Amino acid sequence: MTTIDQRYQEAKAKYASIGVDTDAALKTLEEIKISMHCWQGDDVKGFLNPDGETTGGIMSTGNYPGAAHTPEQLRADLEKAYSLIPGKHKLNLHAIYLDTDEAIDLNQIEPKHFEKWVAWAKEQGLGLDFNPTFFSHPMMKDGLTLSHPDKAVREYWIEHGKRSRRVAEYFGKELGQTCYTNFWVPDGFKDNPVDRLSPRKRLMESLDEIFSIEIDEKYNVDTVESKLFGLGAEAYTVGSHEFYMGYGLTRNKAILLDAGHFHPTEVISNKLSSLSLFSEKALMLHVSRPVRWDSDHVVIMDDELQDIAKEIVRNGLLDKTVIGLDFFDATINRIAAWVIGTRNTQKALLKALLEPTEQLKALENKFDLTSRLAYTEELKDFPYADVWNYFCEQNGVPVGLDWLKEVQDYEQAVLAERG
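Think of each chain on its own: its residues are numbered from 1, step by step along the sequence as written. Residues qualify for local features only when their pLDDT is at least 70, as the model is predicted, and side-chain atom pairs are given and counted only at 80 or more; totals for whole chains, interfaces and linings, by contrast, use all residues. Values reported for side chains reflect all heavy atoms of the structure, with hydrogen atoms and water molecules removed beforehand.

S.K.: What should I look at first to understand the side chain of Thr181 in this one?
M.R.: Within the secondary structure, Thr181 sits in strand E4 (residues 179-184). Each residue's exposure class comes from its accessible area (1.4 Å probe, protein chains only) as a fraction of the maximum for that residue type: buried when under 20%, exposed when over 50%, partly exposed otherwise. On the basis of relative accessible area, Thr181 is assigned to the buried category, the value being 0%. In what follows, residue pairs with any heavy atoms lying within 4.5 Å of each other are defined as contacts. When neighbours within four sequence positions are excluded, Thr181 is seen to be in contact with Phe130, Pro132, Ala168, Asn220, Val221, Asp222 and Thr223. Secondary structure follows DSSP: runs of H or I at least 4 residues long count as helices, runs of E at least 2 residues long count as strands, and numbering of each begins at the N terminus.

S.K.: Sorry, what's going on with the layout of surface pockets here?
M.R.: Gaps left between atoms are located by rolling a probe of water-molecule size over the structure's atoms. With a 1 Å grid laid over protein atoms only, a set of points is called a cavity when a 1.4 Å probe fits there but cannot get out and a pocket when it is open yet has protein on both sides within 12 Å along at least five of seven lines; lining residues have an atom within 4 Å of a point. Grid points are joined across faces, edges and corners, and a volume is the space filled by probe spheres set on the points. The space that makes up the largest pocket amounts to roughly 520 Å³. Forming the walls of the largest pocket are 21 residues, and the residues nearest its centre are Lys310, Arg314, Glu355, Leu360 and Thr376. Elements with a minimum of two residues in the lining of the largest pocket: helix H9 (303-314), helix H11 (357-365) and helix H12 (369-378). It is H9 that contributes the most residues to the lining of the largest pocket, 5 residues altogether. Only Asp, Glu, Lys and Arg are considered charged, only Ala, Val, Leu, Ile, Met, Phe, Trp, Tyr, Cys and Pro nonpolar, and every remaining residue, Gly among them, polar. Among the residues forming the lining of the largest pocket, the class breakdown is 7 nonpolar, 3 polar and 11 charged.

S.K.: Looking at this structure, I do not really get the packing of helix H1 (residues 3-16) against helix H2 (residues 22-30). What am I missing?
M.R.: The relative placement of two packed helices comes down to the angle between their axes together with the axis-to-axis distance. Two elements in contact, H1 and H2, have axes whose closest approach is 9 Å; the angle formed by their N-to-C orientations is 105°. It follows from the interaxial angle that H1 and H2 lie roughly perpendicular. Touching Tyr8, Lys12 and Tyr15 of H1 are Thr22, Asp23 and Leu26, all from H2. Of the residues contributing to the contact of H1 with H2, the split by class is 3 nonpolar, 1 polar and 2 charged. Here, axes are lines fitted to C-alpha atoms. For helices the fit covers the stretch in contact, and angles between N-to-C directions go from 0 to 180 degrees. Oblique is the label for any angle not covered by the other classes, which are roughly parallel (under 35 degrees), roughly antiparallel (over 145) and roughly perpendicular (65 to 115).

S.K.: I'm lost on the pattern of salt bridges in this one. Help?
M.R.: Close approach of charged atoms allows side chains of opposite charge to pair. Here a salt bridge means any side-chain nitrogen of Lys or Arg lying within 4 Å of a carboxyl oxygen belonging to Asp or Glu. The final tally for this structure, using the stated rule, is 28 salt bridges. We note a salt bridge from Arg334 to Asp43, for which the minimum N-O separation is 2.9 Å. On the criterion of sequence distance, the pair formed by Arg334 in helix H10 (residues 334-353) and Asp43 in the loop between strand E1 (34-37) and helix H3 (71-82) is long-range, its members being 291 residues apart. The salt bridge partner of Arg163 is Glu159, with a shortest N-O separation of 2.8 Å. Here Arg163 and its partner Glu159 are both found in helix H5 (residues 151-175), 4 residues apart, which amounts to about one turn of the helix. Overall, Glu159 belongs to the partly exposed group, its relative accessible area being 30%. Where salt bridges share partners, they join Glu72, Arg75, Asp99 and Lys116 into one cluster.

S.K.: What am I meant to see in helix H7 (residues 241-251) here?
M.R.: Each α-helix turn comprises 3.6 residues. Residues three or four places apart therefore point the same way. For H7, the set of buried residues is His241, Phe243, Tyr244, Tyr247 and Gly248. Along the axis of H7, the buried positions cluster into a sector of 155°, meaning they face one direction only. Projecting away from the buried face of H7 at angles above 90 degrees are the exposed residues Glu242 and Thr250. Turning to H7, the residues buried within the fold contact helix H6 (197-210), strand E6 (220-225) and strand E8 (254-258). Positive backbone phi, at 60°, marks Asn252, one or two positions downstream of H7. By definition, the arc is the one covered by directions from the helix axis to the C-beta atoms.

S.K.: What am I meant to see in the pairing of E6 here?
M.R.: Each regular strand displays side chains that alternate between the two surfaces of the sheet. Where burial is concerned, most of E6 is hidden: 6 out of the 6 residues are buried. Taking every second residue as pointing to the same face, both faces of E6 are buried, with Asn220, Asp222 and Val224 on one and Val221, Thr223 and Glu225 on the other. At least two bridges found by DSSP between two strands are what make those strands a pair. Pairing of E4 with E6 involves 6 bridges; the strand directions are parallel. Residue pairing across strands places Phe183 opposite Val224, the latter belonging to E6. Pairing between E6 and E8: 3 bridges, direction parallel. Bridged to Val224 within E8 is Ile255.

S.K.: I keep staring at the UniProt feature "binding site: Mn(2+)" (unreviewed entry) in the protein and nothing clicks. Help me out?
M.R.: UniProt positions are given in the numbering used here, feature names are shortened, and annotations may be inferred rather than shown by experiment. Following the UniProt record, one finds the feature "binding site: Mn(2+)" (unreviewed entry) at His261, Asp294 and Asp296. These annotated residues cover 36 residues of sequence, and their C-alpha atoms all fall within 9.7 Å of one another, placing them together at a single site. Mapped onto the secondary structure, His261 falls in the loop between E8 and helix H8 (272-278). With near-sequence residues (within four places) excluded, His261 lies in contact with Trp184, Glu225, Ser226, Lys227, Leu228 and Asp294. Side-chain atoms alone can form a polar contact between residues adjacent in sequence; in general such a contact is a pair of N or O atoms within 3.5 Å, and within protein one must be able to donate a hydrogen while the other accepts it. Side-chain polar atoms of His261 contact the side chain of Glu225, separated by 3.3 Å. In this fold, Asp296 is placed in the loop between strand E9 (283-287) and H9. Exposure remark for Asp296: the relative accessible area of 6% places this residue in the buried category. If sequence neighbours within four positions are ignored, Asp296 has contacts with Ser288, Arg289, Asp326, Phe327 and Phe328.

S.K.: Looking at this model, I keep getting lost on unusual backbone geometry. Mind explaining?
M.R.: The phi angle at Asp43 is positive, at roughly 65°, despite the residue not being glycine. Look at Ser136: it is not a glycine, yet its phi comes out positive at around 55°. Within the secondary structure, Ser136 sits in the loop between strand E3 (127-131) and H5.

Written out as structure tokens, the structure reads:
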């Protein structure tokens with residue numbers, strides 16, 4: 001028996017003393033798929049116009065060497081990252097990451113332009129999620145897309161949205177896993193508008209037109225994502241939280257909550273229980289880390305990450321929640337960013353699964369708040385790391401910091417050659 005096995009057995013007994021089955025917790029964790037985002041690998045440039053400037057409230061900072069420049073390079077980097085993360089997961093693609101030799105525009109995309117991604121996903125045993133790309137394009141006029149007063153601008157983006165849903169349907173059919181297609185629209189104004197209503201009415205009508213085509217939800221589920229503000233849209237965002245909360249609930253669309261898309265003093269963890277009461281669809285998450293604003297920092301094991309995981313587990317929402325990641329840091333090794341962020345998200349879920357949830361709820365219902373506090377504080381010192389290390393070993397991925405050496409070796413052998 002290895003040291004890791006021994007420590008796991010000790011941790012297992014420790015958790016059993018408070019009624020927690022660590023084997024059951026690990027089995028549940030094994031089944032949770034994290035939708036890892038492709039855009040960390042190349043700083044949100046994509047392959048439609050990789051030399052173009054990123055616009056639309058999005059900016060990746062830093063110039064760490066080794067960013068992917070081609071779909072082949074990005075897939076190789078993703079394979080390295082997935083090899084260091086326990087379990088089988090999904091990849092979240094943006095439309096600008098198409099892989100084709102054809103010269104096409106966003107309103108011309110078809111499933112055939114993503115065939116290489118599907119073939120690769122099959123080989124890797126991964127599912128695919130999707131995002132239309134409503135930014136970094138000449139047809140984003142005056143900071144607006146689906147809400148622009150010019151009908152021709154709106155029609156361009158409506159066609160892109162319709163075609164994106166067809167691509168997502170293709171993903172779902174080919175891979176046998178439901179594709180979640182997320183609509184995020186950065187439309188807004190830098191300074192205070194006089195008319196806040198009309199852009200939202202146009203956005204609503206544009207989305208209604210995009211979703212007018214029936215697609216089997218076995219293959220594709222549409223989601224809508226709000227935002228408080230973005231670069232160049234500091235005063236007003238058309239697709240606010242209130243807009244998409246109302247839109248999703250009245251149109252029966254899944255509502256996505258991004259951890260960085262709210263006021264700096266707001267958190268999404270406290271919104272999950274409320275949303276679950278009213279939304280019939282899955283709860284969609286983009287787990288990110290805002291620092292003073294939506295700056296998309298790599299996810300760390302902070303209080304909010306742990307609170308998100310606790311809210312999901314404590315409220316029995318695992319089967320209803322789809323967890324995606326959204327960050328892009330070009331100041332550090334991009335593969336390391338994926339690994340750190342994804343493993344931390346899994347660790348937070350594990351810590352939540354290792355709570356004696358029913359016991360804690362029973363104490364709360366009896367108003368034994370003393371015992372509730374004692375348990376939740378004492379749990380902070382329980383050996384969850386020994387359970388996590390065992391999970392990594394059982395899944396054949398590096399334990400502890402051993403993964404970092406692999407990333408450093410890959411950087412020297414592969415990334416450094418890209419210039």
